[in-house]
Amino acid sequence: MVDDDTFRQLLDTVERFVRERLIPAETRVEEEDEIPEDIVQEMREMGLFGLSIPEEHGGLGLTTLQESRLVEALCYASVSFRSLIGTNVGIGSQGIVMDGTDAQKAQYLPDLASGDMIASFALTEPDIGSDAAHLKTTARRDGTDFVLNGTKRYITNAVRAGVFTVFARTDPDRPGGDGVSAFLLPADTPGITVAKPDRKLGQRGTKTSDVIFDDVRLPESAIIGGPENLNRGFRTAMKVLDRGRVHVSSIAVGTAQRMLDVATAYAIDRKQFGVPIAEHQFVQGMLAESQAELLAARHLVRATAEAYDREGQAVLMASSSKLFASEMAFRVADRALQIHGGAGYMAEYPIERLFRDSRLLRIYEGTSQIQQMIIARRMVKEFTGRA
């Protein structure tokens, strides 16, 4: 665990890095659809690939709250920069941290923490998104090995990956998530094909791709947690996604702060009817609503992170944070663009890109509708338990 003074220094460094290096590079990333390699190297040197990985495995070992605050600061710049480290910090590493064997931790975590290896999390499939418990990728036992077949979709950082966490059905007779296992699969294993990166509405520089597994052979020791964790992979996925929702909520807060600042600066500078539009009541209303919602989201996210650190889980709060913060960010995006008027629709203004980038927050790591379902089911379960 990083002490408060050290964390404050790290946070100051990241905030300066955002202002001096990342924001000036945003246009280049948007045009080239690539993160410059010199920036990638600086992120490695700052330890950003290992924020959540324990210190004994080469990471910084930040608490969930510390990670949340740092991600919020980082996402004041384009969220594409965060996406580069996101799988190493979150879904690509946390299954190993939470459930991996000592050998798996020793094999993968140091390289993930340094950024020398990129992790990728392969759960979503062409026909299976929100209903991940019914995935169709299979891992058929063959002696002490498994043979993996299937296709995964929208897999972040797949083209850069050195290791995949792959979820596959290992028991076809068990329904839902009960027959799913989680495997660690080196990217150079024969039989893996990574398709060319997808073209997307926003978040240029973020790479997502299909990944095809064709008779990929892997040993039973590749199961996260070892053979005794056979058919328990869906539990790992849910734990990883629970923590990941705190991370995504922090992204939403950081990018919403940037959009609100951009809109406020524009409202002060832009004049209509002889005065800055910031003096017009309707514009003030949009700014005020955005500020109030942003403050509420920030406090909810930080309270959720504290609860996760205290209790080791925060299912209801994590889904509530993800739902509220991601929806808040897009409301702020919409108001910020509206404040710009016609200028907001033009690519020369940053709000046009920020608007597009923010839309994905309501989809990945569980759509808003899935969060509503999780929240309601949890409420009913807790209420029933009290009754």
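Residues numbered from 1 in each chain as written. Predicted model: local features only at pLDDT ≥ 70, side-chain atom pairs only at ≥ 80, totals over all residues. Heavy atoms only, no water.

**Overview of the overall build of the chain**
1) Next: Looking only at helices and strands, the chain features eleven helices and nine strands.
2) Next: Taking 21 Å as the expected radius of gyration for a compact globule of 387 residues, we find that the chain reaches 21 Å, a close match to that expectation.
3) Next: With the C-alpha coordinates aligned to their principal axes, the bounding extent of the chain is approximately 80 × 55 × 45 Å.
4) Next: Counting contacts in the chain only where the partners sit at least 6 residues apart, residues at least 24 apart contribute 74% of the total.
5) Next: Accessible surface, the chain: about 17,200 Å² in total, of which carbon and sulfur atoms supply 52%.
6) Next: Across the chain, the 45 positively charged side chains and the 55 negatively charged ones have centroids separated by 5 Å. (Helix = DSSP H or I, 4+ residues; strand = E, 2+ residues; numbered from the N terminus. Rg over C-alpha atoms; globule rule 2.2 N^0.38 Å. Contact = heavy atoms within 4.5 Å. Areas by Shrake-Rupley, 256 points an atom, 1.4 Å probe, with all protein chains shown as cover. Lys, Arg positive; Asp, Glu negative; His and termini not counted. Charge placed at Lys NZ, Arg CZ, Asp CG, Glu CD.)

**Quick look at the side chain of Ser326**
1) Next: Checked against the element boundaries, Ser326 lands in helix H9 (residues 315-340).
2) Next: Ser326 gets classed as buried once you look at its relative accessible area, which sits at 1%.
3) Next: Among the polar contacts made by the side chain of Ser326, one reaches the main-chain carbonyl oxygen of Lys322 at a distance of 2.6 Å.
4) Next: With residues up to four places along the chain from it excluded, the contact list for Ser326 reads Ala252, Ser321, Leu361, Arg362 and Ser368. (Buried < 20%, exposed > 50% of the residue type's maximum accessible area, 1.4 Å probe, protein only. Polar contact = N/O pair within 3.5 Å; in protein donor to acceptor, adjacent residues only side chain to side chain.)

**Description of unusual backbone geometry**
1) Next: Phi at Tyr154 takes a positive value of approximately 55°, unusual for a residue other than glycine.
2) Next: Within the fold, Tyr154 resides in strand E3 (residues 145-156).
3) Next: With relative accessibility at 55%, the residue Tyr154 sits in the exposed group.
4) Next: The phi dihedral of Phe273 is positive, around 55°, even though this residue is not glycine.

**Let's talk about the pairing of strand E1 (residues 119-122)**
The side chains of a regular strand alternate between the sheet's two faces.
1) Next: The alternating pattern of E1 places Ala119 and Phe121 and Ser120 and Ala122 on opposite faces, both of which are buried.
2) Next: Examined bridge by bridge, E1 and strand E4 (residues 163-169) share four bridges and lie parallel to one another. Within E4, the position partnered with Ser120 by the bridge is Phe164. (Pairing = 2+ DSSP bridges.)

**A word on the layout of surface pockets**
Empty pockets left among the atoms are what a rolling probe the size of a water molecule brings to light.
1) Next: Of the pockets and cavities examined, the second largest pocket occupies roughly 230 Å³.
2) Next: Looking at the lining of the second largest pocket, the elements that each hand over two or more residues are helix H1 (4-32), helix H3 (64-74), helix H7 (233-269) and helix H8 (281-311).
3) Next: Sorting elements by how many residues they give to the lining of the second largest pocket places H1 first, with five residues. (1 Å grid on protein atoms, 1.4 Å probe; cavity = no way out; pocket = protein on both sides within 12 Å on 5 of 7 lines; lining within 4 Å. Points joined across faces, edges and corners; volume = space filled by probe spheres on them.)

**Comments concerning the pattern of salt bridges**
1) Next: Summed over all chains, the structure comprises 32 salt bridges.
2) Next: For Glu26, the salt bridge is made with Arg353, and the minimal N-O distance between the two is 2.9 Å. One end of the pair, Glu26, is in helix H1; the other, Arg353, is in helix H10 (residues 350-359), and 327 residues separate them in sequence. Considered together, Glu26 and Arg353 belong to a single accessibility category, that of buried residues.
3) Next: Judged by relative accessible area, which is 8%, Arg353 ranks as buried. (Salt bridge = Lys/Arg side-chain N within 4 Å of Asp/Glu carboxyl O.)

**Quick notes on H9**
1) Next: For H9, built from 26 residues, the straight-helix expectation of 38 Å at 1.5 Å per residue is met to within 8% by its first-to-last C-alpha distance of 38 Å.
2) Next: Of the residues trailing H9, Gly341 is marked for its positive phi of about 65°. (Expected span 1.5 Å × (residues − 1).)

**Remarks on the environment of Ile39**
1) Next: Within the secondary structure, Ile39 is located in helix H2 (residues 37-45).
2) Next: Along the backbone, Ile39 and His134 are 95 residues apart, and their C-alpha atoms lie at a distance of 39 Å.
3) Next: With residues near it in sequence (within four places) discarded, Ile39 still touches Phe17, Arg21, Leu22, Ala25 and Phe81.

**Here we look at the packing of aromatic side chains**
1) Next: Considering all chains together, one arrives at five aromatic pairs under this definition.
2) Next: Ring geometry for Tyr266 versus Tyr349: centroids 6.0 Å apart, planes at 90°, classification edge-to-face. With Tyr266 in helix H7 and Tyr349 in the loop between H9 and H10, this residue pair connects regions lying 83 residues apart in the sequence.
3) Next: Exposure remark for Tyr349: the relative accessible area of 28% places this residue in the partly exposed category.
4) Next: Its end group placed over the ring of Tyr76, Arg258 keeps NZ or CZ at 5.7 Å from the ring centre.
5) Next: Over the ring of Phe330 we find Arg359; its NZ or CZ atom is 5.5 Å from the centre of that ring. (Phe/Tyr/Trp six-rings, centres within 6.5 Å; stacked < 30°, edge-to-face > 60°. Lys NZ or Arg CZ within 6 Å of the ring centre and 35° of its normal.)

Shape descriptors only; they carry no functional weight alone.
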